[in-house]
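Listed below, chain by chain, are the residues.
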Amino acid sequence: ISTIKDAWQKRHPGQKLNTTKWGFKNFSTALKTLEGVTLEHHLEKTLTFLAFFDGSPKHKEFLEAKAKKAVSLDPATPATLTPGAAKR
């Protein structure tokens, strides 16, 4: 998401993107409110978010990689479990 913020700042030289004036704590909080955009935690960097369009091929690819990583960390976790899926 830093790429999006950087692109905005390049188009608005000398200005800082201040999302607090619209009531958001930070830029990632503002992005979470957009319909059709999903933020996921980076697989390796715990403080980094990645932005995806819902249902995009890249998002599906990321979810598959996330599931594979979860299985490698905990073999008892089913590979088909996706974020938001009901656990039984």
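In this text, all values refer to a predicted model and were calculated from it rather than measured experimentally.

Q: When you look at the nonpolar core in this model, what are you seeing that I'm missing?
A: Soluble globular proteins: nonpolar side chains tend toward being buried together. Residues L17, F27, L31, L39 and F49 constitute the largest nonpolar core, which totals five residues. Apart from residues no more than four positions distant in its own chain, L31 is found in contact with I1, I4, V37 and L39.

Q: In this structure, what is going on with the pairing of strand β1 (residues 37-41)? I would like to understand it.
A: Walk down a regular strand and you will see the side chains alternate between the two sheet faces. Most of β1 is tucked away, with four of its five residues classed as buried. As judged from the five bridges shared by β1 and strand β2 (residues 49-53), these two strands associate in the antiparallel manner. Looking at the pairing, V37 lines up with F53 of β2.

Q: Looking at this structure, I do not really get the packing of aromatic side chains. What am I missing?
A: The description of an aromatic ring pair rests on the distance of the ring centres and on the angle between the ring planes. The tally for this structure, following the rule as stated, stands at one aromatic pair. Taking the centre distance of 5.1 Å and the plane angle of 35° together, the rings of F52 and F62 count as tilted. Taken together, the positions of F52 in strand β2 and F62 in helix α3 (residues 57-73) put the pair 10 residues apart, joining distant regions of the chain. Its relative accessible area of 12% is what places F52 among the buried residues. Take F62: its relative accessible area is 8%, and that puts it in the buried class.

Q: I tried to follow the environment of Q15 on my own but got confused; where do I start?
A: Turning to its location among the elements, Q15 is positioned in the loop between α1 (2-11) and α2 (27-32). On the basis of relative accessibility, which here comes to 47%, the residue Q15 falls in the partly exposed class. Not counting residues up to four positions away in its chain, the partners in contact with Q15 are W8 and Q9.

Thresholds, definitions, all that
- Residues numbered from 1 in each chain as written.
- Predicted model: local features only at pLDDT ≥ 70, side-chain atom pairs only at ≥ 80, totals over all residues.
- Heavy atoms only, no water.
- Core = buried A, V, L, I, M, F, W, Y, C linked by side-chain atoms within 4.5 Å.
- Buried < 20%, exposed > 50% of the residue type's maximum accessible area, 1.4 Å probe, protein only.
- Contact = heavy atoms within 4.5 Å.
- Helix = DSSP H or I, 4+ residues; strand = E, 2+ residues; numbered from the N terminus.
- Pairing = 2+ DSSP bridges.
- Phe/Tyr/Trp six-rings, centres within 6.5 Å; stacked < 30°, edge-to-face > 60°.

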